[in-house]
Structure formats: C-alpha cells, structure tokens
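Structure assessment
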Amino acid sequence: ENAVRNGAEFSFSSPVRLVERAGELWRVLLEDGRELLTRAVANCAGVFADLFNNMVSDKKLHITPRKGEYIILDIKNAGMFRRSICPLPSSMATGHTKGIWIAPTVSGTILLGPTAEDQQDRSDTSNTQQGIDRILSSVGEMWPGLPKGDFISTYAGLRAHGDTGDFVIGEAPGAPGFFNCAAIESPGLTAAPAIAVELAGEISRSLGAEEKGDFDPIRPAKKPFRSMSEQERAQAVAADPQYGRIVCRCELVTEAEVRACIRGPLGARDMDGVKRRTRAGMGRCQGGFCSTRVIEILSQELGIPPEQVTKSGGGSRMLAGRLFEEEQQ
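Please read all numbers here as calculations on a predicted model, not as lab measurements.

Glancing now at the pairing of strand E1 (residues 16-22). When E1 meets strand E2 (residues 25-30), the two strands line up antiparallel, connected through six bridges. By the bridge assignment for E2, valine 19 is matched with valine 28. The antiparallel hairpin formed by E1 and E2 contains two residues in its connecting segment, where glycine 23 sits at a positive phi of about 70°.

Pasting the structure below:
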C-alpha cells in the first residue's frame, strides 16, 4: 500500500513466462501476452527463482522446494509460553534444520512445527498425516500436556532451499541489470527488511537512480477494533455505525474494517486477502461464522455475484452455484 501511494504499479495474477535480453533492456513476457521492457529486474520468485535466473545467467542455480507443515493452537492458550521452545538442530541429506518447535505468536495463538520435507513439486502445500504425526511426536516430548483439543487449523508452506548453502542476493553473473533475491530460506523472514534495503541500494546504484524527493514513508493505519478501549469503540461506532456490526466474532472484526480493507490501495479481492488484512477467519471457528458475511461484503464491494468470490484467486471459488433462481429466493 505504501508503494502504491508512492507511484508503484502492481499486476496480480500475471505469471511471468520468459525473461530475456532486448538490447539494453530486459523483456519480460507475461502469460496473458503482455510484454514489459525494463532496465532492471528483481527476481524474488521464491521456489521458482532458479528457473528465471537460469534463463539469463551462465551461473545456474538449483532450488529444492522444502515443505514445512504447521499446527495452530487456539488463542485460549496465550501465555502458556513466553519464548519459542526449540529442540537441538537435526541433520538432513541436503543440510540441517532447526527442527520442530513451539512458537507463541504476537496474536496469542501458538504454532507447532514446521516439518522439513524436500520435494519436487513447487506448488504442493498440502498437509499430510505423516507430517502432522511427526509434529505431534516431536512437540509431545517438549510439552507432555499438549492440549490436542485446542487445535484450530493446519497449514503448510514451501521454503526455497538452494544448493549454494546461503542466500543468493545481487546481480546475476553475465546478466547486467538482473538482480537475484533467491534461495531465501530460514531465517529469510527475519532478514527480509535488511535484504530489501541491500538490494534496493544495489539496484539504485546500478541505474544511477536519485532518491525520490517527495517519498512518503508513512502507511496510514487505524487501530483495530479488537484493540480499542470501550470508549474508543463507542467513538468509532458513533462516527461509523458499521463499526457496531461484528463480522468475525472470534477476532472481533467489524464490517467497517472489512469494507475498508477492500476499498484501500491494493484492496483485498478474495477471502484470504480480507483474512490477512483484518484477521477475519483466523479465530477458533476458522471462518465458520464469518465466511458468509465476508462473501456477501466482497460481492457488494467488487460488484460481482457471490458465486465469483474466491478464497485466493484463480479457480478457488467459495460457492459452487445457486440452488434457486433469485425470484424463488
């Protein structure tokens, strides 16, 4: 959102199919047929980053998708741990891992995981019984009283494990103007801000770019309803009655907040977009109560039928169709 306010343009659901040199520029071909010509490319494609590097550089990279599965515990266990609890690191054929740990989050839930399984599929983020069993076995040794009845969700993600043994950051050999941000696995999330500053500086120096004089570093943000005092909540409702309509009971997310996150710069366009911006659907019932309301609001705000609302874009539609025509309803 801050980047948009400062002039950046985004293009979502636009897979890149080819990157190649075009004179002094780079030609980026998108799946929908569009072409972009640019002086510099930043390759931050996660588990796909090696594919793009290998299109342009003689120094090849190889990334192995490494799946990590997690279990999430309900917020009722907040305070059970004040620090992350880790076992001794364990070895793998392709490196080492910090193992399966217990991690309290800033929102009060507790994460158990992750596993570490190398695979070939760059898009498989499914959970497996084998992975869940491994988490339960490992965590059970550190937390004998593990409250299994408080599990609210599971998920999995892929880390980009590179064969270099370290992050690959900077201009690719033999490809001037093509900058890699590849093989960023753990602790990549912690390192991300520093990586961004380093890479932005390198690209700026390469292009001879000057600092934007009117750059605005501030992203305006309102205090979440769930964090407000009773007096602040009353003031919010008085100013906008939609603050008085709770959409997500578990996380105390209001209709005003859901609509605002859709209307803002780079506004949410699907269920997961609303979830990440407001936490609607992240609570104990995992969207059992609020999903229908969020679908309704997305439909209204985007001007699309409810059947076209998706979980995360593409073909992930939430509804299969209508049982009755509108007049019958």
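This brings us to the nonpolar core. Counting 16 residues, the largest nonpolar core has Val258, Ile262, Val274, Val294 and Leu298 as the members making the most contacts within it. Looking at this core, the elements with two or more residues in it are strand E14 (246-248), helix H6 (255-263), helix H7 (271-278) and helix H8 (291-302). The leading source of residues in this core is H8, at four residues. Dropping the residues within four chain positions of it, valine 274 is found in contact with Val258, Cys261, Ile262, Ala268, Arg279, Ala280, Val294 and Leu298. Among the nonpolar cores identified, the runner-up in size contains twelve residues, and Phe81, Ile100, Ile132 and Trp143 belong to it.

The next thing to look at is the packing of H6 against H8. Contact geometry of H6 with H8 gives a least axis separation of 10 Å together with a crossing angle of 45°. When the axis of H6 is compared with that of H8, the two are oblique. Both H6 and H8 take part in a crossing whose hand is right-handed. In this structure, H6 uses Glu255, Val258, Arg259, Ile262 and Arg263 to contact H8, whose residues at the interface are Arg293, Ile297, Leu298, Gln300, Glu301 and Leu302.

Conventions used here
Residues numbered from 1 in each chain as written. Predicted model: local features only at pLDDT ≥ 70, side-chain atom pairs only at ≥ 80, totals over all residues. Heavy atoms only, no water. Pairing = 2+ DSSP bridges. Helix = DSSP H or I, 4+ residues; strand = E, 2+ residues; numbered from the N terminus. Core = buried A, V, L, I, M, F, W, Y, C linked by side-chain atoms within 4.5 Å. Buried < 20%, exposed > 50% of the residue type's maximum accessible area, 1.4 Å probe, protein only. Contact = heavy atoms within 4.5 Å. Axes fitted to C-alpha atoms, helices over the stretch in contact; angles between N-to-C directions. Parallel < 35°, antiparallel > 145°, perpendicular 65-115°, else oblique. Left-handed = near helix turned anticlockwise from the far one by under 90°.

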